[in-house]
Structures are given as structure tokens and as C-alpha cells.
Amino acid sequence: MGGLPPAFRLVGIGWYVALCIVLGAGGGVWLDRRFDLDPLLTLVGLFLGLGLAFYGGYLMLLDLLSAIGQRRRPR
Amino acid sequence: MSKKSVTIIITIGTIVLLLVGFLSLRSPRPIVELKAETVFQIGGFPIANTIITSWIVIVLLTAFCFFAFRRMELVPRGLQNFAEMAMEGFYNLVVTTAGEKHARRFFPVVATIFFYVLVANWLGLFPGVATIGKVEEMRAEEEGGEILEKGFVFDKVGGMNVIMPGVPSWPPHEPGSIDLKLAEDATPAEKEAALEEATKDLGKDEKAGLLVPFLRSVNTDINSPLALALMSAIFVEFWGISALGFLRYGSKFVNVRRLLQGKILDGFIDVFVGVLEFFAEVARIVSFTFRLFGNILAGEILFLVILFLLPVIALDLVYGMELFVGLIQAFIFAMLTLVFGVVAVSGHGDEHETKEESPATPS
Amino acid sequence: MDLINLFPLLAIGDIGMKYIAAGFAIAGGGLAPALAIGMLTGKAMEALGRNPEAQPVITTNMILGIAFCEAIAIYALVVAVMIGFVF
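Per chain, residue numbering runs from 1 following the sequence as it is written. Working convention: letters from A go to chains and numbers from 1 go to ligands, in the order in which they are written. Thresholds applied to this predicted model are a pLDDT of at least 70 for local features of residues and 80 or more for the giving and counting of side-chain atom pairs; totals over whole chains, interfaces and linings are not thresholded and use all residues.

S.K.: Could you give me a rundown of the overall build of chain B, with the residues and numbers involved?
M.R.: Counting secondary structure elements, chain B contains ten helices and six strands. Any residue surrounded by 20 or more other C-beta atoms within 10 Å of its C-beta is treated as buried, while 12 or fewer makes it exposed and the intermediate range makes it partly exposed; C-beta atoms here are placed from the backbone. Burial status across chain B gives 28% buried among its 363 residues. Taking as baseline every contact in chain B between residues at least 6 positions apart, the subset at least 24 positions apart corresponds to 74%. Strands are runs of DSSP state E lasting at least 2 residues, helices are runs of H or I lasting at least 4, and numbering of each runs from the N terminus. Two residues qualify as a contact pair if the distance between their C-beta atoms, derived from the backbone, is within 7 Å.

Next comes the structure, spelled out in C-alpha cells:
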């Protein structure tokens, strides 16, 4: 995702955050259904998904901000 | 690509997205729950889903400050740079409103209010908040229990129980909901019978009931804006008393000076105005609370209704508006606290003096 | 001659009156704040046109004034939501 314009990278970050949370929570629900531990695994999956989403989103956002800063500097 | 073909592609894409959204992505009919639902209890004390979200907000803010200011460098980079930018921007705003002399006194509380409400409002827009939860099944009326008159059937989509789905079908109808047709004065036995009747042919993984989300936007619970408004009111009084002294600040409310001097009519007018000031303070608490609560709750209701009516395109527009409203409400709460603090600090009879340091000079 | 055939509006009943009340609450309560915000923004635009350099001050104070006006609309909204969903 290195050299794309910033708009596309932001869309990528958004999709990453949303997918993380959905997969985390959905996976938790599915595992709950299999092992009948309602709603413990849903919660674990939800918070895991949220944490991963925040962490990965933060790293990608820092990357993007520094890339924008470098663009503006005169070459 | 010519301009005309781009226009055609965008139009067709929009219509396709609208159709796809309307047919297969709609949610059940919205039920608005004004009270925050309790998720679990700690020894009799009910923990609501807004409390859990507020814990997450606190953890986020604390972690941000911890990581930003861990190693302070003279020329800041990275996270520290961003934090200093935000702080300095807000501090300049406070200085333009409150004047150089008092800005330091006001800044901590006002900045706390601003950043807390901002992060809380924006966290409520994340995917997963107010949509993922457990299903509280409908119960018959016993001592304390109540039958919910509307419930939803949460059913399977592709082997996994997706919470809050729409039921894809043609022609599009109202996604799987149960309506119990109860008369106004049905007995508990009749309610139980109606419930049995309605839920007797649910599938294996289908549950009927009301969705209790695990997380919910903090300011949709009226207790949170109320707490913030009370805190801001107490701080405004505190600033007034600490700047002017108790007697001089109290003379704004209990103004008996002219009465004691002997001018009866003016004296009574002053006493009356003092009582009105007191009621204005109380009314301010109510107005702060309802402003923040109403704006955020209206956003949630709008989301639910748009999810039911026209999911894909209109939802993006509503999302943008909610981002803006969250920011503006945080800004307004902080600024109003600041303005009333400035009024409290500058005192009642200072208008006769020359305005040397007029606080709101344009920068 | 059934009264209900003469005056079909009598069939509204209690639930109907509840929703009509909710509709009136938000309709009336949204009218005045909209007018107020419109007038306020108009005056701010006038002031901005006269003195474009004072734009930060004008904008900040305008937003504060709009917040006060909007609070009234929010009171009406909360009343309408309570009538419709809680009672």
C-alpha cells in the first residue's frame, strides 16, 4: 500500500478497522454457537477485534501522516 | 475516460448500491430504548452498556497520554507532536475567549470536558457499538418481569448468527419481527399464550427477543451529560468564589445592599434579580444536559431509522453528519463552560470600570 | 346511525392520539429554533461581510448562539421521543 494517494489509503484503513471488528465479533459468535458458551466468547472476540483494529489503524495512520509530510517537503 | 461515461458509471453504481442495500442489507424495525440497558450486575449494582463504553474511552485517553508523553523531547515527533498540536490549538482558543490572565485557571477543566466528550461521541460511531449484543428473550409478566410487545427473530445468515441482520427475501418485506397482538388489558396468561403462539416455530439457532448491545455511545445515557453538566456548574461556582471571594460572588445572588441602604423599591428589584440569577444557574444545568443528550440520541435514532429504510447511500451521509455533530457538541459544551466561567470570574459590578483587558479581542 | 360512521376520526383512539401528540410536539418545537438559527446566521453573514478580518471571533460567537437555539429544538425532540416510545 506504499505509494497510493492518501484518499485510497484512508479507505483501506477504514475497511481494515471495520473488518477487524466484524471478524472478531462474528468469529466470537460462531465459536459461541459451537461450544455453547454464550456470550463469553462473543465478548472476547469483540474486544480482541476492537483492540486489533485500534492498534493496526493507529500504526497505519502514523505511516500515512508521515508519508503526507514527506510529500509536502520540496524535493 | 470522458466526463459523460464517468457520470453514467457513477449513476448506475449508485442505483445498484441502493437496490442492493434496500433488498438485502436492511435491519429490523428500530426499537428505541431510551434507558441504557444493563448488561450484567456486580453484586446488585447494575452495569449498563454505556458504563462499559465510558471505561473504554477512559482507557483510550489514558493510554494516549501515557504513550505520547513517555519520553519528552525538546523537538517533538510522532505522537507527542500530535498531542502538543491539539493542546496548543485548544489553549489558543481558550486564550482568545478568556483573556491571558485567567486562561490557565480555566484550561484543565475545559480541555478535559472537550476531549472526553469528543472521544466519547466519536467512539459511538465505531462499527460494533450499539449493534453487537446479546438477545434478551421475552418473558411473561411475573413479579417484576414484563413482556415486550415487539421482538425480533435473529436468524442465521450463512451458518453464522449475524446479529441484527435483515432477512433477504423478495418482495422486500419487513425483516423478521414478531408482533404480539395484545389487547390493552391482557392478563399474564393471555400474554404467555400469545408469546408461545408466536415463537413456536423458531429454528434451532433463532432467538426472539430484544437486542441488548454490549457497547453503546456514552452520551446516549442521560446520566453522563448530567454528570458533566453538574461538574461544570460546580466548577463555575468554584471559579467565581476563588476569584472574587465568597461575599462578593454571593452578592450576585443575594443582593441586599441597596435594600439595607434604605431604597426600598430598588432593593426589592435587586433581591428579585438575585433569585432569578439563581434559577438561571439551575436552568443552565438542565439545558447543558439536554443539549448533549438530545443531539447524540437523535443521531442514534437517525442511524436506526436509516438502517431500516435505506441502508447504503443515505447511511454515509448520516455518518458524516454525526461526525460533525459530535465535534460541534464537544466544542459547544467546553466553550459554554468557559464563557460562563469568564462571566463568573469577572463579577457583577465591573462594568463600570474601564475595560482595559477586554477578554474577547480579536486575535 | 353509528357515531363512528358519522365521524370516522373518532376511531383514532388513545394510541392514535399519542402519535399525533408526538408529531405536534416536534413540529411546533422545530419551527421556532429553525427561524432563530436562520436569523442568527444571516446577521453573522452581514457582520462578516462588513469586516472579514474578524472572522474567527464572529464564527466562534455564532456557533455559541446556534447552540443555545438548538437546545430548544432538542427539548422538543426529547419530549416527542418520550411520548412516542416511553408512554
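S.K.: Report on the pairing of strand 1 (residues 38-42) of chain B, specifying residues and quantitative values.
M.R.: Residues and elements named next belong to chain B. Judged from the four bridges that link them, strand 1 and strand 2 (residues 45-48) form a sheet pairing that is antiparallel. If you follow Ile42 over to strand 2, its bridge partner there is Phe45. Whether two strands pair depends on DSSP finding at least two bridges between them. Linking strand 1 back to strand 2 in an antiparallel pair, the connection comprises two residues, with Gly43 at a positive phi of about 55°.

S.K.: Describe helix 4 (residues 103-123) of chain B, naming the residues involved and giving the relevant values.
M.R.: Helix span is expected to be 1.5 Å times the residue number reduced by one. Along its 21 residues, helix 4 of chain B runs 29 Å from first to last C-alpha, staying within 8% of the 30 Å computed at 1.5 Å per residue. We define the bend at each residue as the angle formed by axes fitted to the 7 residues ending at it and the 7 residues starting at it. Maximal helix bending in helix 4 of chain B amounts to about 30°, located at Val109 of chain B.

S.K.: Mind laying out the environment of Pro46 of chain B, listing which residues take part and the relevant values?
M.R.: Structurally, Pro46 of chain B can be placed in strand 2. Those residues in contact with Pro46 of chain B that lie beyond four places of it in its chain are Thr38 and Gln41 of chain B.

S.K.: So what about the nonpolar core? Which residues, and what values?
M.R.: When buried Ala, Val, Leu, Ile, Met, Phe, Trp, Tyr and Cys residues are joined through C-beta atoms within 7 Å, the set is termed a nonpolar core. Within the largest apolar cluster, 45 residues are counted, with the highest numbers of intra-cluster contacts made by Val110, Ile113, Val117, Phe333, Ala334 and Leu338 of chain B. Where this core is concerned, the elements lending two or more residues are helix 3 (78-98), helix 4, helix 6 (223-244), helix 9 (264-309) and helix 10 (312-346) of chain B together with helix 3 (55-86) of chain C. The dominant element in this core, judged by the number of residues it contributes, is helix 10 of chain B, at eleven residues. The residues touching Phe333 of chain B, leaving out its near neighbours within four places in the chain, are Ile113, Val117, Leu228, Phe288 and Leu292 of chain B. In this structure, Cys20 and Ala25 of chain A together with Phe214 and Leu215 of chain B belong to the second largest nonpolar core, which totals 15 residues.

S.K.: Please give an account of the interface of chain C and chain B that cites residues and values.
M.R.: Counting from both sides, the interface comprises 15 residues of chain C and, opposite them, 15 residues of chain B. Partitioned by chemical class, the residues of the side of chain C that touches chain B number 15 nonpolar, no polar and no charged. Note that Gly is not counted as nonpolar here; it falls among the polar residues with everything else outside the nonpolar set of Ala, Val, Leu, Ile, Met, Phe, Trp, Tyr, Cys and Pro and the charged set of Asp, Glu, Lys and Arg.

S.K.: Explain the packing of helix 6 of chain B against helix 9 of chain B residue by residue, including any values.
M.R.: Residue and element names in this part refer to chain B. Here helix 6 crosses helix 9 at 145°, and the two axes come no closer than 8 Å. Along this stretch, helix 6 crosses helix 9, giving a crossing that reads as right-handed. Facing Pro225, Leu226, Ala229, Leu230, Ser232 and Ala233 of helix 6, the residues of helix 9 in contact are Glu281, Arg284, Ile285, Phe288, Thr289, Leu292 and Phe293. In terms of residue class, the contact of helix 6 with helix 9 is made up of nine nonpolar, two polar and two charged. Note on geometry: axes are C-alpha line fits, over the in-contact stretch for helices, and angles between N-to-C directions span 0 to 180 degrees. When the near helix sits turned anticlockwise from the far one by under a right angle, the crossing is termed left-handed; a clockwise turn instead gives a right-handed crossing.

S.K.: Give me the lowdown on the confidence of the model for chain B, citing residues and values where you can.
M.R.: Residue and element names in this part refer to chain B. When pLDDT is averaged along chain B, the result is 78, and 73% of the positions lie at 70 or above. Note that residues 155-175 has pLDDT below 50 and, in this model, 42 contacts with residues that lie over four places away or in other chains. Note on scores: pLDDT gives the predictor's confidence for each residue, bounded by 0 and 100. Taken together, the stretch residues 351-359 has pLDDT below 50 and engages in six contacts with residues farther than four places along the chain or on a different chain.

S.K.: Outline the packing of helix 9 of chain B against helix 3 of chain C, supporting the account with residue identities and numerical values.
M.R.: Between helix 9 of chain B and helix 3 of chain C, whose axes approach to 8 Å, the crossing angle comes to 65°. Judged on the interaxial angle alone, helix 3 of chain C and helix 9 of chain B are roughly perpendicular. For the pair helix 9 of chain B and helix 3 of chain C, the crossing hand works out as left-handed. The residues of helix 3 of chain C that touch helix 9 of chain B, namely those facing Ser287, Phe290, Arg291, Gly294, Asn295 and Ala298 of chain B, are Ala67, Ala71, Ile74, Tyr75, Leu77 and Val78 of chain C. The class makeup of the residues in the contact of helix 9 of chain B with helix 3 of chain C is eight nonpolar, three polar and one charged. Here the angle decides the label: under 35 degrees means roughly parallel, over 145 means roughly antiparallel, 65 to 115 means roughly perpendicular, and every other value means oblique.

S.K.: Describe helix 3 of chain B, and please don't skip the residues or the numbers.
M.R.: Residue and element names in this part refer to chain B. Taking 1.5 Å of rise per residue, the 21 residues of helix 3 would be expected to cover 30 Å, and the 30 Å separating its terminal C-alpha atoms lies within 8% of that figure. Within the sequence span of helix 3, burial applies to Leu93, Val94, Thr97 and Ala98. Here the buried residues of helix 3 occupy an arc of 120° about the axis, which is enough to place them on one side. Turned more than 90 degrees away from the buried face of helix 3, the exposed residues are Met85, Glu88 and Gly89. Of the surrounding elements, those touching the buried residues of helix 3 are helix 4 and helix 10. Phi for Gly99, located one or two positions after helix 3, is positive at around 90°. Summarising the geometry, the arc corresponds to the directions from the helix axis toward the C-beta atoms.

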